[in-house]
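Structural description and commentary
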Amino acid sequence: MTPLLNVQGLTKRYGGRIGCADVSFQLYPGEVLGIVGESGSGKSTLLNCLAGHLAPDAGQVIFDTRSDGPRDVLTMSEPERRMLGRTDWAFVHQNPRDGLRMRISAGGNVGERLMAVGAHHYGAIREKATDWLGRVEISAARIDDRPSAFSGGMQQRLQIARNLVTGPRLVFMDEPTGGLDVSVQARLLDLIRGLVRRMGLSAIVVTHDLAVVRLLADRLMVMKDGHVIETGLTDQVLDDPQAPYTQLLVSSVLQV
Amino acid sequence: MIPMIHVENLAKNFVLHNQGGVAIPVLAGASFAVAPGECVALIGESGAGKSTVMRILYGNYLAQGGSVRIGGLDITQAEPREILALRRETLGYVSQFLRVVPRVPTLEVVAEPLLALGRPEDEAHGTRARSAHAAAHPRAALGAFAHHILGR
């Protein structure tokens, strides 16, 4: 089987500081990879390098494209990469404001991504947008409201709908439940888990919340100071952590 | 006959890095085989390593040495996705404590393995899930949450 994403030696420096160093891994279709570590461990830097938001200093990010097979995303032309970002890739930001257009309606936010890939029949776009709002538990009656009138949890669900409407094959998520109330977080996690399973999505989820990865991720990468220090099956890494830092991380989780 | 489970020379230590790096030896030189259709009981006193063996067989704990072959796959060398495939298709695990998401109805808990195998939703939620569910909890409502069930 060809990996969907094959990352080799990815390195990003900020001047003399290391963002992430020599990261290599493969992601196979249908797999959900969790990247955990404390603030400053390099997990967001890594995600942004993978998604093309940051230019790494070294390495390869080879994506199995629909039309041409495996290609290094880093050497693609900007329009090609942007097209990938609108079709096969999706990026769910921690702050919905970074992933939504706050001045256009909820329906418009979902429809915009459809139009970007060539949809132009208004009725069909609106119908699909309504369907997707339903899937993320937003009432069809709110389709013409702006996201600024939505709660934080609703905004995050809208961002997910906007991202998934084009049927992407790879979803990047940066702390998708960060900054939400715990009850809202739980519902959102259930929703993401359901969508990921049902659509057979491949995803890379960055979080500092181990409960999130226990629920969503098939396997884990633990990062510290820009380096990957441990990898493995999610339940194995959490139940039998090997590296000193991972043991500390797992034992630091507060029990209710 | 090829054994279903073949454990050879299994070794396991727990190293507690944050408690002065003490190493707790649990298993050394453990070997056994289980034939297809055979039911084997693992007995021993508390702390003897029974659960550790079971968790290694399931891929939940890492072994420090030896090999564990289940259905031809060496768990100690396998990639995470190979272990996940084995768990979906070959290997089940009944634990003393069912770890479920508290918000999920029991029917969903039973249906999930079928969905993971790619079965259609109506089938997963249909006869098989309902019968398994009824066998486990005849009087429980299908929509009840799993964590409300006694002795889960």
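Think of each chain on its own: its residues are numbered from 1, step by step along the sequence as written. For naming, the first written chain is A and the first written ligand is 1, with later ones following in the order written. Per-residue local features are limited, in this predicted model, to residues with pLDDT of at least 70; the limit for side-chain atom pairs, both in listing and counting, is 80 or more; totals at the level of whole chains, interfaces and linings are taken over all residues. Hydrogens and water are ignored here; the side-chain numbers use all heavy atoms of the structure.

1. Observations regarding the side chain of A:Asn109
- Helix and strand definitions here come from DSSP, where helices need a minimum of 4 consecutive H or I residues and strands a minimum of 2 consecutive E residues; each element is numbered from the N-terminal end. Structurally, the position occupied by A:Asn109 is in helix H4 (residues 106-116).
- Contact criterion: two residues are considered in contact whenever any of their non-hydrogen atoms come within 4.5 Å of each other. Apart from the residues lying within four places of it in its own chain, the contact partners of A:Asn109 are A:Leu100, A:Arg101, A:Ile104, A:Pro147, A:Leu158 and A:Arg162.

2. Structural notes on the pattern of salt bridges
Residues and elements named next belong to chain A.
- Whenever Lys or Arg places a side-chain nitrogen within 4 Å of a carboxyl oxygen from Asp or Glu, that contact is recorded as a salt bridge. Evaluated as defined, the whole model comprises 19 salt bridges over all chains.
- The salt bridge involving Glu-31 is made with Arg-219; its shortest N-O contact spans 3.1 Å. Residue Glu-31 is found in the loop between strand S2 (17-27) and strand S3 (32-36), and its partner Arg-219 is found in strand S9 (residues 219-224); the two are separated by 188 residues along the sequence. Across the pair, exposure class does not vary: Glu-31 and Arg-219 are buried alike.
- Each member of the salt-bridge network shares a partner with another, and the members are Arg-66, Asp-88 and Arg-169. The classification of residues rests on relative accessible area computed with a 1.4 Å probe and restricted to protein chains. Under 20% of the type maximum is buried, over 50% is exposed, and intermediate values are partly exposed.

3. Some details on the sheet that holds strand S3 (residues 65-70) of chain B
Residue and element names in this part refer to chain B.
- Following DSSP output, two strands are said to pair if at least two bridges run between them. As summarised here, the arrangement of the four strands in space is S2-S1-S3-S4, forming an open sheet in which the pairing is antiparallel. What marks the edges here is a single partner per strand, and that holds for strand S2 (22-34) and strand S4 (73-74).
- Bridge analysis of S3 against S4 gives two bridges, and the strand direction is antiparallel. Within S4, the residue paired with Ile-70 across the bridge is Leu-73.

4. Details of empty space enclosed by the protein
Residue and element names in this part refer to chain A.
- For cavity detection a 1 Å grid was placed over the protein atoms alone, and a set of points counts as a cavity when a 1.4 Å probe fits there but cannot get out; an open set counts as a pocket when protein lies on both sides within 12 Å along at least five of seven lines, with lining residues being those that have an atom within 4 Å of a point. Grid points are joined across faces, edges and corners, and a volume is the space filled by probe spheres set on the points. Taken as a whole and judged by the stated rule, the model has one cavity of 30 Å³ or more.
- What lines the largest cavity is simply Val-92, Ile-160, Leu-164, Val-171, Met-173, Ile-192, Leu-195, Val-196 and Leu-201.
- Mapped by element, the contributors of at least two residues to the lining of the largest cavity are helix H6 (152-164), strand S7 (170-174) and helix H7 (182-199).
- Per element, the largest residue contribution to the lining of the largest cavity is three residues, and it comes from H7.

5. Considering the confidence of the model for chain B
- Per-residue confidence for chain B averages 84 on the pLDDT scale, and 79% of its residues sit at or above 70.
- This complex was scored by the predictor with a pTM of 0.89 and an ipTM of 0.84. Per-residue confidence from the predictor is reported as pLDDT, which spans 0 to 100.

6. Structural notes on helix H2 (residues 80-89) of chain B
- Every buried residue belonging to H2(B) is among B:Pro80, B:Ile83, B:Leu84, B:Leu86 and B:Arg87, and all of these are buried. On an axial view of H2(B), the arc spanned by its buried residues comes to 160°, and they lie on one face.
- In this structure, the buried residues of H2(B) make contact with S9, strand S10 (227-233) and helix H9 (234-239) of chain A together with S3 and S4 of chain B. This arc describes the spread of directions from the helix axis toward the C-beta atoms.

7. Topic: the domain arrangement of chain B
All names here are of chain B.
- Its domain assignment divides chain B into domain 1 (1-88) and domain 2 (92-152).
- Each side of the interface is counted separately: domain 1 has four residues, and domain 2 has four residues.
- Values labelled buried area give the accessible surface lost by two parts on being combined, using a 1.4 Å probe and summing over both. Contact between domain 1 and domain 2 buries roughly 390 Å² in total, counting both sides, with carbon and sulfur atoms accounting for 71%.
- Among the residues of domain 1 in contact with domain 2, Met-54, Tyr-58 and Arg-88 are the three that bury the most area, contributing 84% of the side total.
- At the surface where domain 1 touches domain 2, the tally comes to zero salt bridges. Domain extents, as shown, originate in an automatic or database domain assignment.

8. Remarks on the packing of aromatic side chains
- When two rings of Phe, Tyr or Trp (its six-membered ring) have centres within 6.5 Å they constitute a pair, described as stacked for plane angles under 30 degrees, edge-to-face for angles over 60, and tilted for the intermediate range. Counted by the stated rule, this structure contains five aromatic pairs over all chains.
- For the pair A:Phe63 and A:Trp89, a centre-to-centre distance of 5.4 Å together with 90° between the ring planes defines the contact as edge-to-face. Of the two residues, A:Phe63 sits in strand S4 (residues 58-65) while A:Trp89 sits in strand S6 (residues 89-92), which places them 26 residues apart along the sequence. We note that A:Phe63, like A:Trp89, is buried.
- Ring geometry for B:Phe14 against B:Tyr61: centres 5.4 Å apart, planes inclined by 85°, an arrangement best described as edge-to-face. With B:Phe14 in strand S1 (residues 5-16) and B:Tyr61 in the loop between helix H1 (50-57) and S3, this pair connects stretches of sequence that are 47 residues apart. Here B:Phe14 matches B:Tyr61 in class, with each residue buried.
- Three or more aromatic residues joined by ring pairs make a cluster, and in this case those are A:Phe63, A:Trp89, A:Phe91 and A:Phe172.
- We call a charge positioned over a ring when the NZ of a Lys or the CZ of an Arg lies within 6 Å of the ring centre and within 35 degrees of the ring normal. Its guanidinium or amino end placed over the ring of B:Phe14, B:Lys12 lies 4.7 Å from that ring's centre, counting from NZ or CZ.

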